[in-house]
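# Geometric and topological summary
Here is how the chains run, residue by residue.
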Amino acid sequence: MQPHAGWLERAGILLSGRAWVLLGSSPMSFPATLLSGLASLIAPERCPACRAYTLADEQRPPASAREALAAQLCAPCQERLDWLEVACRACALPRGPGLSESRRCSSCRSQSLGRVRTTTALYRYRGPGRHVLRRLKYEGHDPLGRALGRALGERLRRWRGELLSEELVICPVPLHAWRRLGRGYNQAELIAAGVAEALERPLVCLLRRRRATRALYGVRRHHRDQVLSGAFRALPAAAGARVLLVDDIRTSGATLRAAGRALHEAGARRIDAAVVAC
């Protein structure tokens, strides 16, 4: 294959795809359409999961935040994204027919879940969904974080309407100051900003990290609560608040439990959680 074959092929697809737009455009819209086409050729979009080039469908605007998020992915990654449709209200994992009337799975009914009452997630943390969050976490892709947050907020409106009181505040799970300084951003804040926008609720950082903790990857699940014990402190403003904790991933739930415990000790009235993946 020639060095620029992929680029030329993409250019041909883009131009042929835009031909109908150009032919049907009015004289006033023609320059804007032409500039949009040239911009796509000069700086083409890439799928955040697999890095393949993507083609935006400009003829049909996305009807929802979920569609807008999916539109950023290439077609194969869209098909492989494992959206959650029926899930446990407590841990957000799909547990099949074992869900009770309270929508808690048998695993969650048999153990203490701390102070976080419900957890809502968008999709499973595997395949393209895993790659999307790794890009957000390590590359700080602000528009992607907000798009994930808006889709999560949209899901909360549909699944957790009872939470959306005027008193609800959106609180991202914080990074330790040194880790945030090194990374330059907190991916949970980017997601939380999108959630706050979708729900039209304030974004309030009610938590601080008391100390840095080692990465939980590789730590046995039953040891994670010990690692995070006392890692968070809540600000006095948490007293009486209804809080929605927002993070990128829920695995064992230890981070959410530790953050929820700190909020409860500060007097928060109710604590729920929302994550992109689990």
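What you are looking at is a predicted structure, and each value in this text was computed from that prediction instead of being measured.

## A look at the overall build of the protein chain
Secondary structure summary: the protein chain contains 11 helices and six strands in total. For the protein chain, the proportion of its 278 residues judged to be buried stands at 45%. Summarising the internal contacts of the protein chain: among those between residues at least 6 apart in sequence, 73% fall at separations of at least 24. Roughly 14,900 Å² of accessible area belongs to the protein chain as shown, and the carbon and sulfur atoms make up 53% of that amount.

## Let's talk about the environment of Arg46
In this fold, Arg46 is placed in the loop between helix H2 (30-42) and helix H3 (65-70). Excluding residues that lie within four positions of it along the chain, Arg46 makes contacts with Arg51, Ala52, Tyr53, Thr54, Gln72 and Arg135. From its side chain, Arg46 meets the backbone oxygen of Arg51 in a polar contact 2.6 Å long. A distance of 3.3 Å separates the side chain of Arg46 from the side chain of Tyr53, its partner in a polar contact.

## Some points on the pattern of salt bridges
Within the structure shown, the criterion is met by 10 salt bridges. Here the salt bridges share partners, and the residues they tie into one network are Arg66, Glu85 and Arg155.

## Regarding helix H7 (residues 142-159)
Here H7 contains 18 residues, and its C-alpha end-to-end distance of 26 Å stays within 8% of the 26 Å for a straight helix at 1.5 Å per residue. Those residues of H7 not exposed but buried are Leu144, Gly145, Ala147, Leu148, Gly149, Ala151, Leu152, Gly153, Arg155 and Leu156. Elements that come into contact with the buried residues of H7 comprise H3, strand E1 (119-123), helix H6 (128-139), helix H9 (187-199), strand E5 (242-249) and strand E6 (270-277).

## A word on the pairing of E5
Remark: a regular strand shows side chains that alternate across the two faces of the sheet. Taking burial as the measure, the eight residues of E5 include eight buried ones, the bulk of the element. Summarising the sheet, strand E2 (residues 168-172) and E5 pair through five bridges and their orientation is parallel. Across the sheet, the residue bridging to Pro172 is Val246, located in E5. Read from E5 through helix H11 (residues 254-265) to E6, the crossover connection turns out right-handed.

## What to know about the sheet that holds E6
Taken in spatial order, the four strands of this open sheet run E1-E6-E5-E2, and their pairing is parallel. Each of the sheet's edge strands pairs with one partner strand only, and the pair in question is E1 and E2. Geometrically, the sheet is characterised by an average inter-axis angle of 20 degrees between neighbouring strands, direction not taken into account. Across the sheet, H7 is in contact with E1, E5 and E6; its angle to E1 comes to roughly 125 degrees.

## Digging into the environment of Ala68
Along the chain, the position of Ala68 falls in helix H3. A C-alpha to C-alpha distance of 8.2 Å links Ala68 and Ala151, two positions 83 residues apart in sequence.

## Quick notes on the packing of aromatic side chains
Within the structure shown, the criterion is met by one aromatic pair. Taking 6.1 Å as the distance between ring centres and 80 degrees as the angle between the ring planes, the aromatic pair formed by Trp83 and Tyr123 counts as edge-to-face. Placement of the pair is Trp83 in the loop between helix H4 (75-80) and helix H5 (106-109) and Tyr123 in strand E1, with a sequence separation of 40 residues. Each of the two residues, Trp83 as well as Tyr123, counts as buried. Seen from the ring of Tyr53, Arg46 lies directly overhead, with NZ or CZ sitting 4.5 Å from the centre.

Analysis parameters
- Residues numbered from 1 in each chain as written.
- Predicted model: local features only at pLDDT ≥ 70, side-chain atom pairs only at ≥ 80, totals over all residues.
- Heavy atoms only, no water.
- Helix = DSSP H or I, 4+ residues; strand = E, 2+ residues; numbered from the N terminus.
- Buried < 20%, exposed > 50% of the residue type's maximum accessible area, 1.4 Å probe, protein only.
- Contact = heavy atoms within 4.5 Å.
- Areas by Shrake-Rupley, 256 points an atom, 1.4 Å probe, with all protein chains shown as cover.
- Polar contact = N/O pair within 3.5 Å; in protein donor to acceptor, adjacent residues only side chain to side chain.
- Salt bridge = Lys/Arg side-chain N within 4 Å of Asp/Glu carboxyl O.
- Expected span 1.5 Å × (residues − 1).
- Pairing = 2+ DSSP bridges.
- Right-handed = clockwise from strand over helix to strand, strands pointing away.
- Axes fitted to C-alpha atoms, helices over the stretch in contact; angles between N-to-C directions.
- Phe/Tyr/Trp six-rings, centres within 6.5 Å; stacked < 30°, edge-to-face > 60°.
- Lys NZ or Arg CZ within 6 Å of the ring centre and 35° of its normal.

Limitation: the analysis is restricted to geometry and does not speak to function.
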